[in-house]
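# Chains, contacts and geometry: an overview
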Amino acid sequence: MSAPKYLAIVKKIEEFIRSGQFAEGSQLPTHRELAQQMGTTAITVAKAYKALAEKKLIESFVGRGSFVCNHSQLSDVIRAESLEQEYNLSILQPCIYQHTEQLNQAFSQILNRGNDALYGYVEHTGLTRHRALGAVWAHHYGLDVSGHEQIVLACGAQHALSVLIQCYTQPGDTIAVEDLTYPGILSIANMLGRNVVGIPMDQQGMLPQSLNELCQSMRIAMVIIVPSYQNPTAATMPMERRQQIAAVVNEHQLWLVEDDIYGFLNPQPIPAITNLAPDFGFHITSLSKAISPGMRCAFIKTPVQESERLSAFIRATIWLPSPLPFAVAATLIQSGEAFRIAEQQREIAIRRQCLAREWLADYQLLSQPDSYHLWLILPEEWQADAFTLAAKNRGILVSSASYFKADPRAPTPNAIRLSLMAINDESSLIVALRQLAELLKRDIRFDYTYF
Ligand SMILES: Cc1ncc(COP(=O)(O)O)c(C=O)c1O
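Keep in mind the model is a prediction, meaning the values are calculated, not measured. (Residues numbered from 1 in each chain as written. Predicted model: local features only at pLDDT ≥ 70, side-chain atom pairs only at ≥ 80, totals over all residues. Heavy atoms only, no water.)

## Notes on the overall build of the protein
Regarding its fold elements, the protein presents 14 helices and 17 strands. The C-alpha atoms of the protein give 25 Å as radius of gyration, which agrees with the globular expectation for 451 residues (22 Å, within 12%). Along the first, second and third principal axes, the C-alpha set of the protein runs to 85 × 50 × 40 Å. Taking all 451 residues of the protein together, the buried fraction comes to 54%. Summarising the internal contacts of the protein: among those between residues at least 6 apart in sequence, 73% fall at separations of at least 24. Total accessible area computed for the protein in this model is approximately 19600 Å², and 52% of it derives from carbon and sulfur atoms. When the 37 positive and 43 negative side-chain charges of the protein are each reduced to one mean point, those points stand 7 Å apart. (Helix = DSSP H or I, 4+ residues; strand = E, 2+ residues; numbered from the N terminus. Rg over C-alpha atoms; globule rule 2.2 N^0.38 Å. Buried < 20%, exposed > 50% of the residue type's maximum accessible area, 1.4 Å probe, protein only. Contact = heavy atoms within 4.5 Å. Areas by Shrake-Rupley, 256 points an atom, 1.4 Å probe, with all protein chains shown as cover. Lys, Arg positive; Asp, Glu negative; His and termini not counted. Charge placed at Lys NZ, Arg CZ, Asp CG, Glu CD.)

Written out as structure tokens, the structure reads:
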């Protein structure tokens, strides 16, 4: 006697899940669609799906359909380091190999000079010269600041965010963020027991009206905003939007953390929100995106009365960021080389955005002509996590929208973030974009060729 038909369907689907043809999180055909395709009845398919659900291979939801279960950690696919055969479109960093030689030279010059001050303890968590040149860097890109007094050094923007959250909010406090935001902010809040509320955005960033309404309805301890080339949507706030946000901050006397790490990419500097809310605004810049994340050099501009408090906090936690990379940063800023490297990276980003728009022309892309990343709206048959995993199975690392949600219970937008800068050479980037375009074209709902 031959095996019941439904078991043959179970076996086939199991094979496809194992081989990755049915990616984790992807939607299975409806009972009727599959029955028609296989010349059987919807009841037989329903029986097969039930057996697969019992094996914990798929999950069915009334009204939504059946999906392949997620067993792997999504964090596996957002990685700083990729395998040799992988294309990494998941990490936002500059095309470092372009200027590694310049950095090597700058570091050896500093080491050859043998300056004692770089090896000892330093007051105020940083040498005056390093802080003053941090002010020069931030001023160049739109921040009102003169002199070193209000500049505090930090070991990268992530460190800056974490010290500001620790210093200016309490456990249980609520922090407002863009409703899709940089996951590093979410992990700090999570670890430190701060609540996060996502504020809706449009293509110009966070909506001031929604922030205002939230502040009227509950106590918000801090708002964190990425005003230029927002991560992940690439939205950049024009001046008027910045004025409106500053007005809400001033009215509610709310701490503002303006994470301006991508501000150097603006073709013309846009004045910082902090300029309009100087009593409440902390402004963060960093060299991580323009020059090198490994240098861990960030600058925080504080309100006048807050520099001492923030410096004391940094002293109490790490004493001081190492002066050595800041000495290199200061030299590069003073000579103008830092600005030239930043501009060179912007030009690379412009070329790569053109390539991406060419290869992904059939899809809705949110980006700027010179942004490091883009936000790709997936065709409706793809879900973000399923696509991310399907791409990973083909050796391409991308970042699912689920990774950026301020509210984990909110529906996941059908989108992924692609970073165009981490791959060293343009020809490899083209290979990755071509493969992504091919994968995007596959309509997994109606692709029954495998049965
Ligand atoms: C918005 C934003 N802030 C902060 C960081 C972290 O920067 P850093 O390497 O300077 O810590 C990133 C890195 O992706 C980012 O996108």
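## Focus: the site of the ligand
Taken together, 13 residues lie near the ligand, and A157, D259, Y262, S288 and K289 sit nearest. Within the contact set of the ligand, an oxygen atom lies 2.9 Å away from a side-chain nitrogen or oxygen of S286. A distance of 2.6 Å separates an oxygen atom of the ligand from a polar atom in the side chain of S288. Burial of the ligand by the protein chains amounts to 92% of its free accessible area of 400 Å². Looking at the shell around the ligand, its residues break down into 5 nonpolar, 5 polar and 3 charged. (Near = heavy atom within 4 Å. Polar contact = N/O pair within 3.5 Å; in protein donor to acceptor, adjacent residues only side chain to side chain. Nonpolar A, V, L, I, M, F, W, Y, C, P; charged D, E, K, R; others polar.)

## Quick notes on the pattern of salt bridges
One pass over the full model with this rule turns up 11 salt bridges. Of the charged contacts in the structure, one is a salt bridge between E54 and K50, with a shortest N-O distance of 3.4 Å. Here the residue E54 and the residue K50 both occupy positions in helix α3 (residues 42–54), the gap between them amounting to 4 residues, near one helical turn. In this structure E54 comes out as exposed when scored by relative accessible area, which is 57%. According to the relative accessible area criterion, K50 is exposed, its value standing at 54%. We note a salt bridge from R409 to D407, for which the minimum N-O separation is 3.3 Å. Given the relative accessible area of 74%, R409 is considered exposed. Classification of D407 as partly exposed rests on a relative accessible area of 30%. Connected via shared salt-bridge partners are E343, R346 and D370. (Salt bridge = Lys/Arg side-chain N within 4 Å of Asp/Glu carboxyl O.)

## Thoughts on the packing of aromatic side chains
Scanning the model with the defined rule gives 14 aromatic pairs in all. Ring geometry for W382 and F387: centres 5.1 Å apart, planes at 90°, overall edge-to-face. Judged on exposure class, the residue W382 and its partner F387 are both buried. The structure contains a cluster of three or more aromatic residues connected by ring pairs, namely W137, Y141, F264, F339 and Y372. (Phe/Tyr/Trp six-rings, centres within 6.5 Å; stacked < 30°, edge-to-face > 60°.)

## Re the domain arrangement of the protein
Domain parsing of the protein yields domain 1 (5–68), domain 2 (74–92 + 340–441) and domain 3 (105–335). Each of domain 1 and domain 2 has a C-alpha centre, and these two points are 30 Å apart. (Domains from an automatic or database assignment.)

## A word on the packing of helix α4 (residues 100–113) against helix α11 (residues 323–335)
It is at 9 Å that the axes of α4 and α11 come closest, and there the two elements cross at 115°. Considering the angle they form, α4 stands roughly perpendicular to α11. Considering the relative orientation of α4 and α11, their crossing is right-handed. Contacts between α4 and α11 involve L103, A106, F107, I110, L111 and R113 from the former and L324, P325, A327, V328, T331 and L332 from the latter. Grouping the constituent residues of the contact of α4 with α11 by class yields 10 nonpolar, 1 polar and 1 charged. (Axes fitted to C-alpha atoms, helices over the stretch in contact; angles between N-to-C directions. Parallel < 35°, antiparallel > 145°, perpendicular 65-115°, else oblique. Left-handed = near helix turned anticlockwise from the far one by under 90°.)

## What about the sheet that holds strand β16 (residues 399–400)?
The 4 strands are arranged β13-β14-β17-β16 in an open sheet whose pairing can be described as antiparallel. Only two strands of the sheet have a single partner each, and these edge strands are β13 (364–366) and β16. Pairing between β13 and strand β14 (residues 373–377): 3 bridges, direction antiparallel. Looking at β14, one finds that Q364 is bridged to I377. (Pairing = 2+ DSSP bridges.)

## Here we look at the state of the cysteines
Under the criterion given, the structure shown has 0 disulfides. Not part of a disulfide, C155 finds its nearest cysteine sulfur in C297, a span of 8.5 Å. Judged by its relative accessible area of 0%, C297 falls in the buried class. (Disulfide = S-S within 2.5 Å.)

## Overview of the sheet that holds strand β10 (residues 255–259)
With mixed pairing, 7 strands are arranged side by side in an open sheet as β4-β12-β11-β10-β9-β5-β6. Looking at the sheet topology across the chains shown, the edges are occupied by β4 (151–154) and β6 (195–199). Within this sheet the neighbouring strands show an average axis-to-axis angle of 20°, counted without direction. In this structure, β10 lies alongside strand β11 (residues 281–286), joined through 4 bridges in parallel fashion. Each residue of the ladder has a partner; that of E258, found in β11, is H283.

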